[in-house]
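# Structural features, examined
One-letter residues, chain by chain:
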Amino acid sequence: VKEKANVVIVGGGIIGSSLAYSLARRISGIVVVERDGIGSQASGSNYGMVWLQTRLAGLDLMMARRSLEMYEELTSEVFDLDIEFEKKGGMTVFRTVEQKTVMERVVQEQQKLGIPVRVVDALETHDLEPALAPEITGATYCPEEAQLNPILTTLAFARAAQRHGAIFKTGTEVTGIRTEKGRVTGVLTSQGEIETPWVVNAAGAWARRVAQMAFLELPIFPQRLQSLVTEPLAQRLLHRVLQGGRMVSQEEIDHPEKALSFAIKLSPDADEKSLPVEPLEDCIFPFLKPTRSGNMVIGTTSEFVGHDKGVLPKALSLMMQRAVEIVPQLKEVHVIRTWANFVPFTFDSLPVLGRVPELEGFLIAAGHAHAMSHAPATAEALAELIVNNQPPFPLEEASPLRFRQ
Amino acid sequence: MRDAEEFVCRCEEVKRETIEQVIKEGALSLNAVKRLTRAGMGLCQGRTCRRLVSRLIAEIGGKSREDLPPPTVRPPVRPIPVRSLIKGEDVL
């Protein structure tokens, strides 16, 4: 007897788990198929940050805002786990006058979008985080930004979905998509076939492979982030996430709008060969997250190396060199664990959400470079799209069709 | 002594009852237990508690210890001083 489902979600990360929850509240027969365990890839090993100051105007910012509101409601009314959600704000710290000049103009643009971010002077910066190096002369600070524990958040969504009847098949790999006359009819897995009219590709950095099973090309590429965690620091940080100000170029000083985003812009017809291969030194983006347990999570690189999960001692060394310039007491501790994960990369840094015209019943919910900032809003939008054929807000910006122009 | 209050993971101070609870809820691998409880995430990275957690999973989950998937082992093998890493010493 073939198993049946109303919707099969491929991928048990934050996107698949949150979508399972949003769907299971509305309809029955929700099945998540996950190759490994819940949150075992990027969703279980990222920095757990809901940023506003790095968001782009439009859908990106709107979904992050909506997700922030939803997390507050979810933590108080839905989740049965403490996801360590804390709205303590994020800071991008800087040292030089040039960096300050650029950041001030970036902040002006962001304020026009209604992002509650401001530039704080040296005194206030060190008041906000006393562990910072004396050389730090200021920061941009957005008190509305929040952090959470990404593993527990993914698990909390999965458990909430299960309470509403969703089934999670972990250790189960999708091997094919069955179609008939341009419609999805089922999913083949390592544990047998599931009959279903809807398949959602929520496979994150592996979404391209899943799309290929349906003979669709989906330009989502894995971007490797290397990270490490230290033992707890003697002087606890105040739990604000810190982003090191990067070097600013003359171009950015002249055109601050170019400094607004960290995204790498590529043309829509970009493929793997278009992805930049840069020297390691230019792939380091210092990032420090004090966790509730007192350990410091430190990142990151941003590299295109396919699905190679290696960590490079040189990358870790460069990362730590930048990190101790921000928080000097890091010199006194030990590194206890290192890892790499893959975040999905798209040419315009926006996720891919919605239907594809070639295959009825096949939906994409992948390509989130900032899945923690976007998951709850993504889940609600796609659940409404599936159940009522009407998303609560327009998804055109994230349409799969934008790659084909 | 098999007290529910005893610490299985001493680094992260995770009690036996906490670990037993998540195993009963379906965490049937060392990685799954780690993600839920932090057991094995501390300074020793599971060197002390790995065997104890395996035994609990085997007992409660009705599996043999040999059948459990091995945990993800991430470098470094021993904690390394940040100072050495910065200097680019061969530490990993």
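Residues numbered from 1 in each chain as written. Chains lettered and ligands numbered in written order. Predicted model: local features only at pLDDT ≥ 70, side-chain atom pairs only at ≥ 80, totals over all residues. Heavy atoms only, no water.

With that settled, consider the overall build of chain A. In terms of regular secondary structure, chain A is built from nine helices and 20 strands. In summary, chain A has a C-alpha radius of gyration of 21 Å against a globular reference of 22 Å for 405 residues, a match within 12%. If you line up chain A on its principal axes, its C-alpha atoms span 65 × 45 × 40 Å. Counting only contacts in chain A whose residues sit at least 6 apart along the sequence, the fraction spanning at least 24 positions is 75%. Across chain A, 40 positive and 49 negative side-chain charges occur, with their mean positions spaced 4 Å apart. (Helix = DSSP H or I, 4+ residues; strand = E, 2+ residues; numbered from the N terminus. Rg over C-alpha atoms; globule rule 2.2 N^0.38 Å. Contact = heavy atoms within 4.5 Å. Lys, Arg positive; Asp, Glu negative; His and termini not counted. Charge placed at Lys NZ, Arg CZ, Asp CG, Glu CD.)

This brings us to unusual backbone geometry. Here the amide bond leading from G299 of chain A into T300 of chain A is cis, since omega sits at -15°, within 30 degrees of zero. Position of T300 of chain A among the secondary structure elements: in strand β17 (residues 296–301). Unlike most non-glycine residues, F215 of chain A shows phi in positive territory, near 60°. Its identity as a non-glycine residue notwithstanding, E13 of chain B has a phi of 50°, on the positive side.

In total, this model carries 28 salt bridges over all chains according to the counting rule given. For the salt bridge of E303 of chain A with R224 of chain A, the shortest nitrogen-to-oxygen distance reads 2.9 Å. In this pair, E303 of chain A is assigned in the loop between β17 and α8 (313–326) and R224 of chain A in strand β14 (residues 221–230), connecting sequence segments 79 residues apart. Judged by its relative accessible area of 6%, E303 of chain A is buried. A residue is classified by how much of its surface remains accessible, and R224 of chain A, at 2% relative accessible area, is buried. The residue E12 of chain B makes a salt bridge to R38 of chain B at a minimum N-O spacing of 2.9 Å. With E12 of chain B in the loop between β1 (7–9) and β2 (14–15) and R38 of chain B in the loop between α2 (30–37) and α3 (50–61), this residue pair connects regions lying 26 residues apart in the sequence. A cluster of three or more residues bridged by salt bridges with shared partners is formed by R25, R26, E380 and E384 of chain A. (Salt bridge = Lys/Arg side-chain N within 4 Å of Asp/Glu carboxyl O. Buried < 20%, exposed > 50% of the residue type's maximum accessible area, 1.4 Å probe, protein only.)

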